[in-house]
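Examination of the molecular architecture
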Amino acid sequence: MFTRRPLPYGRPPFAEKAAANRTQALQPTLTRFKWGNPAVLWALAGVAVGFGFAWVLFTAITQDGSDLPSYFTEIGQDNKDLPPLYDEKIVRTVFETASPAVVEVQTVMQFGRRIGDGSGSGFFVDDEGHIITSDHVVEGAREITVRLSDGRELSAVKLGHSQHDDLAVLKVDADTVSDIRPIPFADSDEVSIGEMAIAIGSPYENRNSLSVGVVSGKDRSESRIQRADSFTGAGGRTITDLIQTDAALNPGNSGGPLLNAEGEVIGVNSSVRVQSGVQIGVGFAVASNTVMQILNELKNPGEFTRPWMGLNGRDIEDLPVSPGQLTVDTGVYVVKACEGGPAASAGIKDDYLAVIMARGRGISGRGDIVTGVDGNPVESMVDLLSYVNNFKVGDRITLDLIRNGDPIQIDITLAKWQDTCE
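Report on the accompanying structure.

Parameters and conventions
- Residues numbered from 1 in each chain as written.
- Predicted model: local features only at pLDDT ≥ 70, side-chain atom pairs only at ≥ 80, totals over all residues.
- Heavy atoms only, no water.
- Helix = DSSP H or I, 4+ residues; strand = E, 2+ residues; numbered from the N terminus.
- Buried < 20%, exposed > 50% of the residue type's maximum accessible area, 1.4 Å probe, protein only.
- Contact = heavy atoms within 4.5 Å.
- Areas by Shrake-Rupley, 256 points an atom, 1.4 Å probe, with all protein chains shown as cover.
- Patch = residues over 30% accessible without salt bridge, like charges linked within 9 Å, V, L, I, M, F, W, Y side chains within 5 Å.
- Salt bridge = Lys/Arg side-chain N within 4 Å of Asp/Glu carboxyl O.
- Lys, Arg positive; Asp, Glu negative; His and termini not counted.
- Charge placed at Lys NZ, Arg CZ, Asp CG, Glu CD.
- Polar contact = N/O pair within 3.5 Å; in protein donor to acceptor, adjacent residues only side chain to side chain.
- Arc of directions from axis to C-beta.
- Phe/Tyr/Trp six-rings, centres within 6.5 Å; stacked < 30°, edge-to-face > 60°.
- Disulfide = S-S within 2.5 Å.
- Pairing = 2+ DSSP bridges.
- Core = buried A, V, L, I, M, F, W, Y, C linked by side-chain atoms within 4.5 Å.

**Let's talk about the overall build of the protein chain**
Per the secondary structure count, the protein chain includes eight helices and 21 strands. Taking all 422 residues of the protein chain together, the buried fraction comes to 42%. In the protein chain, the proportion of contacts linking residues at least 24 apart, taken out of those at least 6 apart, comes to 63%. Summed over all atoms, the accessible surface of the protein chain reaches about 23,400 Å², with 51% contributed by carbon and sulfur.

Below, the structure is given as structure tokens:
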């Protein structure tokens, strides 16, 4: 039977020998780093020269009275007129200038026999008492009150609204707000990823709250985005051209402005990305150009509706197709031409089997493929919707299609949007 012998107490002999060998091996190296050694003197001289160069650089930077931090905020900027990110003076100036025009929107809702309340944000867009907000903030409201930055509360009426764009216009007595300067709009097409984004609103009824971030994305769509206020959308119609930001948005921010460093509106805060019921810090705003496109329409009472093509489609790049099955790599595959809709009436062919492709059936390839509209290329359903948004009900457009491998064109007349497709 094998018996393990314990090591003797203290350091074993082989360990002492190994330590002695390491000390002997290091001795030449240690000897070289004596103060009188030339190598040590050269090293010290190099350190002195480095400190001297750093002092000369610091003096050159600050001799004109500028401070070193402001110098480094400009490094890497191609345009020196661009403001440095998170400049405290800029943020304060934007807030002080814009916040008087931002309001808290308070609503009274009726659900059957029950009465509830809600809140959101909004802002003045002109000197006539018009306020823009999110449609889901005031949807179904029986009473609407806006609370100004100075604490005044005014009764408001809802004018036009668009579920398809999640926008609505409220109206208060213009004479009571004649001292408030409306917030101007910026061209959202000119917004750049990485530029400052400032959100002002009333999250959780905390009036005139501010958060700062950047524009973290452009041309986003509402697909797979859940709203902060449990809004589900209108008939599943995708909102296009959304601006993405990491500025903190919470329930109550909806309807408030997303501003640039000039204090101009680049978007109306609308939604957040939710994962497993938890907000993950990704917010979205309806682009200012979308707002300006329909603002005059929304100032008229009633519902504004977007035009309808009468087709459901899927992006080709998302289809489980075999190599060579389709003759194009991008476009919109028509999976359903809605009965009685513009597309079906014009003779556009669909492939309803593609609707259930998730069950492994795949596609037959019988559906038309939309590759363009009025000569403009189309790569996705979002592209198609964005282009159609430029038209009104009753307008005619020409779809460029691929049918059985051959290019054709079909004209359709846009109808009023319908939530159902049979």
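Having put the structure on the table, let's press on.
**Re a negative patch on the surface**
On the surface, Asp187, Asp189, Glu190 and Asp219 cluster together into a negatively charged patch. Counting through the fold element by element, aspartate 189 comes out in the loop between strand 6 (167-171) and strand 7 (196-201). In this structure aspartate 189 comes out as exposed when scored by relative accessible area, which is 56%.

**Focus: the side chain of aspartate 166**
Relative to the helices and strands, aspartate 166 resides in the loop between strand 5 (153-162) and strand 6. Engagement of the side chain of aspartate 166 in a polar contact is seen with the backbone nitrogen of aspartate 135, the distance being 3.1 Å. Polar side-chain contacts of aspartate 166 include one of 2.7 Å to the side chain of serine 270.

**Section: the pattern of salt bridges**
Applying the stated rule across the entire model yields nine salt bridges. Linking aspartate 150 and arginine 152 is a salt bridge whose minimum nitrogen-to-oxygen distance equals 2.8 Å. A salt bridge links aspartate 368 to arginine 403, with the nearest nitrogen and oxygen atoms 2.8 Å apart. With aspartate 368 in the loop between helix 7 (342-345) and strand 17 (369-373) and arginine 403 in strand 19 (residues 396-403), this pair connects stretches of sequence that are 35 residues apart. Take aspartate 368 and arginine 403: they sit in the same class, and that class is buried. Taken together, the shared-partner salt bridges in this structure form one network comprising Asp150, Arg152 and Asp179.

**Notes on helix 4 (residues 88-98)**
One full turn of an α-helix is made of 3.6 residues, so residues set three or four places apart face in the same direction. Along helix 4, the positions that sit buried rather than exposed are Ile90, Val91, Val94 and Ala98. The buried residues of helix 4 occupy an angular sector of 100° when the element is viewed end-on, so they sit on one face. Away from the buried face of helix 4 by more than 90 degrees, exposed residues Glu88, Lys89 and Glu96 are located. Along its buried surface, helix 4 packs onto strand 1 (102-111), strand 7, strand 8 (209-220) and strand 10 (257-259).

**Topic: the side chain of aspartate 400**
By the element assignment, aspartate 400 lies in strand 19. For the buried residue aspartate 400, which engages in no salt bridge, the nearest side chain bearing the opposite charge is arginine 403, 12 Å off. Within polar-contact distance, the side chain of aspartate 400 engages the side chain of glutamine 409 at 2.8 Å. With residues near it in sequence (within four places) discarded, aspartate 400 still touches Ile369, Val370, Thr371, Gly372, Val373, Asp374, Gly375, Ile408 and Gln409.

**Points about the packing of aromatic side chains**
The way to describe two aromatic rings as a pair is by their centre distance and the angle between their planes. In the structure shown here, the tally under the stated rule is two aromatic pairs. Pairing phenylalanine 123 with phenylalanine 185 gives two aromatic rings, centres 6.2 Å apart and planes at 55°, and the pair type is tilted. Of the two residues, phenylalanine 123 sits in strand 2 (residues 114-124) while phenylalanine 185 sits in the loop between strand 6 and strand 7, which places them 62 residues apart along the sequence. For phenylalanine 185, a relative accessible area of 19% translates into the label buried. Centroid distance tyrosine 387 to phenylalanine 391: 5.3 Å. Interplanar angle 55°. Geometry classified as tilted.

**Considerations on the state of the cysteines**
Counting across every chain of the model gives one disulfide. One disulfide in the model links cysteine 338 with cysteine 421; its S-S distance is 1.9 Å. Here the S-S torsion is close to -105°, and the disulfide linking cysteine 338 with cysteine 421 is therefore left-handed. Of this pair, cysteine 338 sits in the loop between strand 16 (332-337) and helix 7 while cysteine 421 sits in the segment after strand 21 (415-416), and the two are 83 residues apart along the sequence.

**Side note on the environment of valine 215**
Here valine 215 shows up in strand 8. Contact partners of valine 215, with chain neighbours within four places excluded, come to Val191, Ser192, Ile193, Gly194, Glu195, Ala197, Ile243, Gln244 and Ile266.

**Some remarks on the pairing of strand 9 (residues 242-245)**
Side-chain alternation along strand 9 places Leu242 and Gln244 on one buried face and Ile243 and Thr245 on a second face that is also buried. Bridge analysis of strand 8 against strand 9 gives three bridges, and the strand direction is antiparallel. Looking at strand 9, one finds that glycine 217 is bridged to glutamine 244.

**Observations concerning the pairing of strand 7**
Of all six residues that make up strand 7, six are buried, and the element is covered over most of its length. By the alternation rule, side chains of strand 7 split into Met196, Ile198 and Ile200 and Ala197, Ala199 and Gly201, which are all buried. Both strand 7 and strand 8 contribute to a ladder of six bridges, which runs antiparallel. Paired with methionine 196 across the bridge in strand 8 is valine 214. Of the pairings in the sheet, the one linking strand 7 to strand 10 comprises two bridges and is antiparallel in character. Its bridge partner lying in strand 10, alanine 199 is registered against leucine 258.

**Regarding the nonpolar core**
With 45 residues, the main nonpolar core has Phe123, Phe124, Ile132 and Val146 as its most contacted residues. Ignoring sequence-local partners within four residues, the contact set of isoleucine 132 consists of Gly122, Phe123, Val125, Leu167, Ala168, Val169, Gly255, Val268, Val291, Leu295 and Leu298. Listed in part, the 20 residues of the second largest apolar core include Val378, Leu384, Ile397 and Leu401.

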